[in-house]
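Descriptive structure summary
Each chain, letter by letter, is given below.
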Amino acid sequence: MSVFIFRRFLTLIATLLGASLIIFLVLDALPGNAAQMLMGADASPDAVRALTIKLGLDQPLYYRYVHWVMGLLTGDLGNSYVYGTPVAGLIAERLTLTIPLAIMSMSMTVVLALSAGIYTAANHNKLGDVGVMSLTQFGIALPNFWFAILLILLFSVKLQWLSAGGFAGWDESILAGIKSLLLPAISLSVVQAAILARVTRSAVLEVLREDFVRTARAKGLSKRDVLWRHVLRNAMIPVMTIMGLQFANLLAGTIVIENVFYLPGLGRLIFQSIANRDLIVVRNCVMLLAGVVVIVNFVVDVLYAFIDPRIKVHNL
Amino acid sequence: MSTPISASVDVGAATVRPQVPTGFWRRALRHRSFVIGGTLSLMVLGAALLSLVWTPWSAYEIDVASKLRPPSAAHWLGTDVLGRDIVSLLLVGARSTIMVGIIAVGIGITFGVSLGLLAAARRGWTEELIMRMSDFTFAFPAVLSAIMLAAVAGPGMVTSITAIGIFQIPTLVRVTRGSANAIWAREFVLAARASGKGGFRITIEHVLPNVLPILIVQATIQFALAILAEAALSYLGLGTQPPQPSWGRMLNDAQTLLFQSPMLAVYPGAAIAVAVLGLNLLGDGLRDLLDPRLSRER
Amino acid sequence: MSGSTNAPLIEVRDLGIRLNTSRGPAQAVRGVSFSLKRGETLGLVGESGCGKSVTAMALMGLLPESAVVSGSIRLDGSELVGLSDANYCKLRGNRISMIFQEPMTALNPMHTIGRQVAEPLRRHTNCSAAAARKEAIALLDRVGLPDAAKRVDAYPHQFSGGQRQRVTIAMALACQPDVLIADEPTTALDVTIQGQILDLIADLVAERGMSMILISHDLGVIAENVQRMMVMYGGTVVESGATNAVFTRMGHPYTQGLFRARPRLGARKGTRLKTIAGTVPELADLPAGCTFADRCTIVEDRCRAALPAVVDVSAGHGVRCVRTDVSMAEAVGAVGA
Ligand SMILES: Nc1ncnc2c1ncn2[C@@H]1O[C@H](COP(=O)(O)OP(=O)(O)O)[C@@H](O)[C@H]1O
Ligand SMILES: [Mg+2]
């Protein structure tokens, strides 16, 4: 197993390096002189040169890249072109919103999807199955930001239970913070859960057709026990793969949903920075998101090795 | 945002039937998903085509005097904050969406299918490289690519088409490679190789025709994903730019008026949902019809 | 448990099974009756698709929910047909156990074999996890798994097909069942292993005084391993009796055909019976009368009219054929073969 993890770890490093290179090329090398972009076309050449030196943009490209990557490892992401404050601090501040939001929506997704998927598989072709599956068909077709708007229409405009946007913060009370993330998390998770529920259902149904299910029943296990003890663990492998892939979309989704609810998270920071032409912030945010996606998928692969004893031998 | 739909994952291992089964249309017209999905998709396509020749009002002319009108005989769904006719905006919006979708999926298919076929034909390190690259691309959902592109090149249709196109590639590579590998293992391909045909000829003559049904199904689903992505990007202001109407943009505009005119936020979203639902159902139907073995789960 | 050794342990009366097939509901099994005493062994033989496994699954109460079972199955006098699943669960793996054909897929790849062998013990007896584990090692040792104490924590993929079949046998025997149903236990194994596994099963059955129903499509396997046998065709039992009696005086044309076409040990798996013309009918196409009528060489009109009754050709030897006079005369030729 350790060989498997080691090999997978090497691809993780390669992938992260590749991602950083592409992001650097697109967001630093390609645009040309960021100082010029910041100051506009009619800025005096002297001022531009001064800013270029101040931002360290006079250094050669490879040096700046290596410097950035080293910085990524030490947490020194440089200073914002616009505010002059450390990028790491800007991002950290926004993460206090985005991470709880991501965790909330991922957990809601998993709980919703697994219960719906297992329920429908256990009641294959019965009324409940058909009903829930039709619902997921609609769920998949919903754009999450539209669903968010509909939730606002219902809960904020009509019922006036929750505010239409904004973030209460964590200082006042944790509950207030969670409350302002509730609608965003729901709108992110319902759509994702619809997809994951379908995956779960077909994975469980697939495993239910396996011979060892019959063996387990022949031992005297009830259907319920077979489902929980024998089927689910086997079914989790495809489900986890999709969960890993969905994580990328979940993060992308938070960017969209933060805009719907005017939440000061990472997504808003990115958009502000694009508007401010603060490319160093954009670059680090994008790297963070891509990095998290890559690492999550690495973790999923490593988890397989723990869940599935066969991987120890196959050394995929 | 949009998510890789389950279908793209388990399709890989399956084997394929060589041709479209006989009696396709007779069976198709009795298949519920196919008929409903096909009807919805045709409706959206029809709206887009109609907008080329006729819209009730101009979708571009601003008439602030008649802004935010409720539905009436003149404006069936009312007008927006700039006095534009909602029905006309929806029709032209369909055109924007479909255009972005078609070009983006086209890019995805061109690169995804070629790379997938190449990976299956060459195996070895070529395959390894292509698959690693496509895994890598998974880390960049359309929104992320679009953000990067918008940061350097500015927002717009080109940005969103490129971002969505890139985002389409890895799924299509995987699906193509998975099914192509299955074909390469089949006897008739072995026979073709034994008779001295090269990898390129076998790919064109045997592999491609056999993976076509799966690709048609996948392209339908990818199209649905592209529509979702396009809507999100234009909602965020990264995609289609005003004054060109788009469904996502309409939602963004409507959001500031939720308290005054809530319905303005309902129509464009419903249009997106109908288009995506239609394509997904059509894809499900096609999967059943083109290759029954792929649809065991239902 | 009843003390009397003469009362049948299992008594099946007029068992009928309706299944939902892709072509609508169909009668997979009809009019199957037999009884099995404690310690007795019974063979079930017939071509693939004739309803052997379905019959076995009916005994286990593991048919799909949509299946309709009629008739009666009694275990120690208590009725099993219509028994709730919760009550059936108390019997399965405890009083009735089953071994399946495919050892490669019959074990859960995610659980250690030790855990899987201990599972019925944990379920049906209130022994501790440690005790169950010890017992599992003893069982694995008994079924001849080398190094059982060390390999108890290994996973199924680390074993060969024969070894896995030993594991499933250990699992089936864990709770000392009264009846063991072995459904083609060696069909999927290498020829060299087949004999070993069958010997193991025979030893264990004798050692523990179990009753056994051994299912096979191979007459040779049946001849060597069971006291009584039933020949099935198209969902009906066409001949049944003591193994010796059936082999000496094959009363049904189908039994004779099966015997002539007997694949020798080592022949290709799934070899078609060459001397019986035609193929096993699909369930939905089963004729109203004798199910073998379409392939029978001595068929008459009355064969097709109704299912023939069972004719007792000697004590305990029944044949479901209207032409036993002719067919038994013909069978004489087969005896020498
Ligand atoms: N779950 C099921 N649903 C429908 N038909 C079945 C099912 N299981 C078995 N059958 C059909 O019942 C018949 C008998 O099958 P089976 O008992 O498995 O035969 P065998 O004698 O080879 O064990 C076959 O025609 C088979 O196709
Ligand atoms: Mg069988």
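Naming follows an unreviewed UniProt entry, where chain B appears as Peptide ABC transporter permease of Bradyrhizobium lablabi. Taken verbatim from the UniProt record of chain B, the Sequence similarities (unreviewed entry) comment is "Belongs to the binding-protein-dependent transport system permease family." Checking UniProt for chain B, the heading Subcellular location (unreviewed entry) contains the comment "Cell membrane".

Where an unreviewed UniProt entry is consulted, chain A appears under the name ABC transporter permease, with the organism given as Bradyrhizobium lablabi. Recorded in UniProt under Subcellular location (unreviewed entry), the annotation for chain A is "Cell membrane". UniProt lists a comment for chain A under the heading Sequence similarities (unreviewed entry), and it reads "Belongs to the binding-protein-dependent transport system permease family."

**Some thoughts on the overall build of chain B**
Per the secondary structure count, chain B includes 11 helices and 0 strands. Scanning chain B from its N terminus toward the C terminus, one meets helices and strands in the order α-α-α-α-α-α-α-α-α-α-α. The proportion of buried residues among the 298 residues of chain B is 59%. Of the contacts formed within chain B by residues at least 6 apart in sequence, a portion of 73% connects residues at least 24 apart. For chain B, the accessible area works out to roughly 12100 Å², and carbon and sulfur atoms hold 67% of it.

**Notes on the environment of A:Leu135**
All names here are of chain A. Looking at the element boundaries, Leu135 is found in helix α6 (residues 127-141). You can call Leu135 exposed: its relative accessible area is 62%. Put simply, Leu135 and Val299 are 164 residues apart on the chain and 31 Å apart in space, counted from C-alpha to C-alpha.

**Remarks on the interface of chain C and chain A**
Listed per partner, the contact involves 26 residues of chain C and 24 residues of chain A. Both faces considered, chain C and chain A share a buried interface measuring about 2400 Å² in area, 54% of it formed by carbon and sulfur atoms. For the interface between chain C and chain A, the tally reads 5 salt bridges. Joining chain C to chain A, the criterion identifies 16 residue pairs in polar contact (both at pLDDT 80 or more). For the side of chain C that touches chain A, the secondary structure elements donating two or more residues are α1 (52-60), α2 (85-91) and α3 (113-124) of chain C. It is α3(C) that contributes the most residues to the side of chain C that touches chain A, 5 residues altogether. Of the residues that constitute the side of chain C that touches chain A, the class distribution is 13 nonpolar, 7 polar and 6 charged.

**Let's talk about the side chain of C:Thr41**
Residues and elements named next belong to chain C. The residue Thr41 is located in strand β3 (residues 41-45) in this model. Note on Thr41: relative accessible area 6%, which makes it buried. Within the structure, the side chain of Thr41 is placed 2.9 Å from the backbone nitrogen of Gln227, a separation counted as a polar contact. Not counting residues within four places of it along the chain, the set of residues in contact with Thr41 comprises Leu36, Val205, Met212, Asn225, Val226, Gln227 and Arg228.

**Remarks on the arrangement of the chains**
Counting contacts across all 2 pairs of chains that touch, the top-ranked interface belongs to chains A and B. Nowhere do chain B and chain C come into contact; their C-alpha atoms are at least 14 Å apart.

**Considering the interface of chain B and chain A**
It is common to give the size of an interface as the accessible area that goes away when the parts come together. Across the contact, 46 residues belong to chain B and 57 residues belong to chain A. Counting every contact that joins chain B to chain A gives 1 salt bridge. Linking B:Asp284 and A:Arg198 is a salt bridge whose minimum nitrogen-to-oxygen distance equals 3.9 Å. Scanning the region where chain B abuts chain A turns up 3 residue pairs in polar contact (both at pLDDT 80 or more). Elements with a minimum of two residues in the side of chain B that touches chain A: α5 (124-137), α6 (142-153), α9 (199-236), α10 (247-255) and α11 (267-290) of chain B. In terms of residues, the side of chain B that touches chain A owes the most to one element, α11(B), which gives 9 residues. For the side of chain B that touches chain A, a count of residues per class yields 35 nonpolar, 6 polar and 5 charged.

**Focus: the sheet that holds β3(C)**
Strand pairing in a sheet relies on backbone hydrogen bonds, with the paired strands running either antiparallel or parallel. Residues and elements named next belong to chain C. Here 8 strands make up an open sheet; going across it, the order is β6-β7-β8-β3-β9-β10-β12-β11 and the pairing mixed. What marks the edges here is a single partner per strand, and that holds for β6 (96-99) and β11 (311-314). Each strand axis lies, on average, 20 degrees off the axis of its neighbour in the sheet, ignoring direction. The pairing of β3 with strand β8 (residues 211-216) spans 5 bridges and is parallel. Residue pairing for β8: Val45 is matched across the bridge by Ser216.

Rules and cut-offs
- Residues numbered from 1 in each chain as written.
- Chains lettered and ligands numbered in written order.
- Predicted model: local features only at pLDDT ≥ 70, side-chain atom pairs only at ≥ 80, totals over all residues.
- Heavy atoms only, no water.
- UniProt positions renumbered as here; feature names shortened; annotations may be inferred.
- Helix = DSSP H or I, 4+ residues; strand = E, 2+ residues; numbered from the N terminus.
- Buried < 20%, exposed > 50% of the residue type's maximum accessible area, 1.4 Å probe, protein only.
- Contact = heavy atoms within 4.5 Å.
- Areas by Shrake-Rupley, 256 points an atom, 1.4 Å probe, with all protein chains shown as cover.
- Buried area = accessible area lost by both parts, 1.4 Å probe.
- Salt bridge = Lys/Arg side-chain N within 4 Å of Asp/Glu carboxyl O.
- Polar contact = N/O pair within 3.5 Å; in protein donor to acceptor, adjacent residues only side chain to side chain.
- Nonpolar A, V, L, I, M, F, W, Y, C, P; charged D, E, K, R; others polar.
- Pairing = 2+ DSSP bridges.
- Axes fitted to C-alpha atoms, helices over the stretch in contact; angles between N-to-C directions.

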